[in-house]
Amino acid sequence: MSRTIQVTFDAHDPETLSRFWAAALGYVNPPPPGRELEDGQDVFEAWHDFLREVGVPESQWNSSSAAQDPDGVGPRLFFQQVPEDKAAKNRVHLDLRAAPGLQGDERMAALETECERLVGLGATRVERHE
């Protein structure tokens, strides 16, 4: 029997990372338990309202956040706040496959387009490899 998994990341700012990866992967940030979002309502505003209502101090609102595949195929991503700074290289990272099956100039054009989109979401371009 196979199992589903959740990939968990330690972070200083779970909400920002959760927003970014949801947008990058076409994932969604789930609403609070028992809540449905109104059209155009920001999921994080809904979470803040929920946490306020249940008495969670505002200082703890960004302690965790998640992003999940709306089709239920990919793993759920969970970001948890930790106080310490990163001490070494990340041992886990996500590789976003933006041009599967493409080759040559078509592949590089697709990768450039995706890079521009991700930079627009807040990513940083480090270098290009061909």
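Residues numbered from 1 in each chain as written. Predicted model: local features only at pLDDT ≥ 70, side-chain atom pairs only at ≥ 80, totals over all residues. Heavy atoms only, no water.

### Overview of the nonpolar core
(1) Moving on: Counting residues in hydrophobic clusters, the biggest one holds 11 residues: Val-7, Phe-9, Phe-20, Trp-21, Ala-22, Ala-24, Tyr-27, Ala-67, Leu-77, Phe-79 and Leu-118.
(2) Moving on: Counting only elements with at least two residues in this core, the list comes to β1 (6–11), α1 (14–25) and β3 (76–81).
(3) Moving on: Here the element with the most residues in this core is α1; it accounts for four residues.
(4) Moving on: For Phe-20, the contacting residues outside a window of four places in its chain are Leu-118, Leu-121, Gly-122 and Ala-123. (Core = buried A, V, L, I, M, F, W, Y, C linked by side-chain atoms within 4.5 Å. Buried < 20%, exposed > 50% of the residue type's maximum accessible area, 1.4 Å probe, protein only. Helix = DSSP H or I, 4+ residues; strand = E, 2+ residues; numbered from the N terminus. Contact = heavy atoms within 4.5 Å.)

### Side note on the pattern of salt bridges
(1) Moving on: Enumeration over the complete set of coordinates arrives at seven salt bridges.
(2) Moving on: Its salt-bridge partner being Arg-35, residue Glu-53 comes within 2.5 Å of it at the nearest N-O pair. Of this pair, Glu-53 sits in helix α2 (residues 43–53) while Arg-35 sits in the loop between α1 and α2, placing them 18 residues apart in sequence.
(3) Moving on: Residue class for Glu-53 comes out exposed when judged on its relative accessible area of 55%.
(4) Moving on: Between Arg-125 and Glu-112 there is a salt bridge; the shortest N-O distance is 2.8 Å. With a gap of 13 residues between them, Arg-125 in the segment after α3 (104–121) and Glu-112 in helix α3 connect regions that are remote in the sequence.
(5) Moving on: In the salt-bridge network here, residues are joined through shared partners; they are Glu-15, Arg-19 and Asp-42. (Salt bridge = Lys/Arg side-chain N within 4 Å of Asp/Glu carboxyl O.)

Functional significance is not addressed by these values, which are geometric in nature.
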